[in-house]
Amino acid sequence: MTTTQHPLGSGFGATSTAEEVIKGIDLTGKVAIVTGGYSGIGLETARVLRAAGAEVVVPARDVERARTALKDVPGAEVGHLDLLDPASIDAFAEKILASGRPLHLLVNSAGIMATPLARDARGYEGQFATNHLGHFQLTTRLWPALVAAGGARVVALSSRGIRFAGVDFDDLHFEHRTYEPFVAYGQSKTANALFAVEVDRRGQAQGIRAFAVHPGLIVDTGLVKHLDPAALQAAGALDSEGRPVRDPERQMKTVQQGAATSVWCATSPQLDGLGGVYCENVDISPLVTPENEAAWAGGDSVPGVLSRAVDPEAAARLWEVSERLTA
Ligand SMILES: NC(=O)c1ccc[n+]([C@@H]2O[C@H](COP(=O)([O-])OP(=O)(O)OC[C@H]3O[C@@H](n4cnc5c(N)ncnc54)[C@H](OP(=O)(O)O)[C@@H]3O)[C@@H](O)[C@H]2O)c1
């Protein structure tokens, strides 16, 4: 059954933290993989899932740095994986499958933003390859373990950056247009949202449900490393002393608040039987309408998702293209 892109009235909101939304949920016996689980939103997600009893595995391109970052998350496992290296993704997935463990929760939190133009060894544009294709390959390779869970959830970290661009199927890798860092980010984050739609459609019969998440604006993570702090100040995200501005009503959140929607999507019984939707502020987002699109685009206080980011036809097309690109 298709879930409508309409808020549930979860009772949580922009100020809710990951710890608050998971309260009372016991994940003993569940296995979770959190990509990017050694920094920012992913690290807080991994910490909270582990504290609720899940076995947590964090794939990392820098295993030693991940071990250090996870020193306060006792029992978290680290494995090697670089989303830009297809062989490492296959090797990581094979190890998980060989262990015979089912996979109940897959949170795809790793990501890069607004990087200078870079191409991977296949010539693919770096943000699309990291944020979407790497996660596509990982999720599809892990599919048997998700099926084995008999009720798995996949969470795809998207972003309000969907406003910068849809998926340009005619020029995914900026071979025929000028590279713009935020257009490339927007394309990759729209792809993340569409991916959740198609994972959910294909996975439902096998008990796999998927959700896309906009976590909010959290400037004290590693994501902003390619941005000029002066630009963040000009945008009002940092104060005059360079400290993060907190205003959850405008989605300017702490890491703990930023991880709340991911954790809710991964674990909440409120979402049982639902999927294929984009979420923010710990609820399903409404669709942006022609009436509120200008307000939505002009400020972070209006929640919503553009219809092009949850369009089932685009989602199906993206899946087929991604299969070819990662074959
Ligand atoms: N922060 C925000 O305001 C915000 C807003 C909207 C959406 N998001 C989304 O939320 C997610 C988490 O972002 P964050 O703010 O927590 O950023 P972060 O602190 O930079 O965390 C990103 C993680 O992704 C990992 N990563 C990047 N490239 C990788 C690769 N090739 N292979 C494996 N891992 C890789 C990073 O590892 P390294 O340290 O090795 O690079 C890091 O652990 C991202 O998908 C982002 O697009 C964030």
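Placed above this text is the structure.
Everything quoted here is computed from the prediction, not taken from an experiment.

Cut-off values and rules
- Residues numbered from 1 in each chain as written.
- Predicted model: local features only at pLDDT ≥ 70, side-chain atom pairs only at ≥ 80, totals over all residues.
- Helix = DSSP H or I, 4+ residues; strand = E, 2+ residues; numbered from the N terminus.
- Rg over C-alpha atoms; globule rule 2.2 N^0.38 Å.
- Contact = placed C-beta atoms within 7 Å.
- Buried ≥ 20, exposed ≤ 12 C-beta atoms within 10 Å, placed from the backbone.
- Pairing = 2+ DSSP bridges.
- Near = placed C-beta within 6 Å.
- Nonpolar A, V, L, I, M, F, W, Y, C, P; charged D, E, K, R; others polar.
- Core = buried A, V, L, I, M, F, W, Y, C linked by C-beta atoms within 7 Å.
- Bend = angle between axes of the 7 residues up to and from the residue.
- Axes fitted to C-alpha atoms, helices over the stretch in contact; angles between N-to-C directions.
- Parallel < 35°, antiparallel > 145°, perpendicular 65-115°, else oblique.

A. Fine view of the overall build of the protein chain. Tallying secondary structure elements over the protein chain gives 12 helices and 8 strands in all. Taking 327 residues into account, the globule formula puts the C-alpha radius of gyration at 20 Å, and the protein chain, at 18 Å, falls close to it. Expressed along its principal axes, the backbone C-alpha trace of the protein chain runs to roughly 50 × 45 × 45 Å. Sequence separation of 24 or more characterises 71% of the internal contacts of the protein chain that already satisfy a separation of 6 or more.

B. Looking closely at the pairing of strand S5 (residues 152-157). The buried fraction of S5 amounts to 6 of the 6 residues, a majority that puts the element mostly inside the structure. As defined by bridge partners, strand S4 (residues 105-108) adjoins S5 across 4 bridges and the pair is classed as parallel. Along S5, the bridge assignment pairs Asn 108 with Ala 156. Judged from the 6 bridges that link them, S5 and strand S6 (residues 208-214) form a sheet pairing that is parallel.

C. Geometry of the site of the ligand. Near the ligand lie 27 residues; those nearest to it are Gly 36, Gly 40, Gly 111, Thr 221 and Gly 222. With 3 residues, the top contributor of residues to the shell around the ligand is helix H2 (residues 40-51). Taken together, the residues that form the shell around the ligand break down as 13 nonpolar, 11 polar and 3 charged.

D. Expanded view of the nonpolar core. Counting residues in hydrophobic clusters, the biggest one holds 99 residues, and the most contacted among them are Leu 49, Val 58, Ala 193, Leu 194, Ala 196 and Val 263. For this core, the element with the highest residue contribution is helix H7 (residues 181-203), accounting for 9 residues. Look past the residues within four positions of Ala 193 in its chain and what remains in contact with it is Ala 156, Ser 158, Ile 162, Ala 212, Tyr 278, Val 305, Ala 309 and Val 310.

E. View of helix H5 (residues 126-141). Its maximal kink placed at Leu 133, H5 deviates by approximately 30°. H5 sits mainly inside the fold: 13 of its 16 residues count as buried.

F. Representation of the packing of H7 against helix H12 (residues 312-325) in the model. With their axes 8 Å apart at the nearest point, H7 and H12 run at an angle of 90° to one another. By the angle class used here, H7 and H12 are roughly perpendicular. Residue-level inspection shows Ala 191, Leu 194, Phe 195, Val 197, Glu 198 and Arg 201 of H7 in contact with H12, the latter providing Pro 312, Ala 314, Ala 315, Ala 316, Leu 318 and Trp 319. Looking at side-chain class alone, the contact of H7 with H12 contains 10 nonpolar, no polar and 2 charged residues.

The quantities given are spatial measurements derived from coordinates; they are silent on function.
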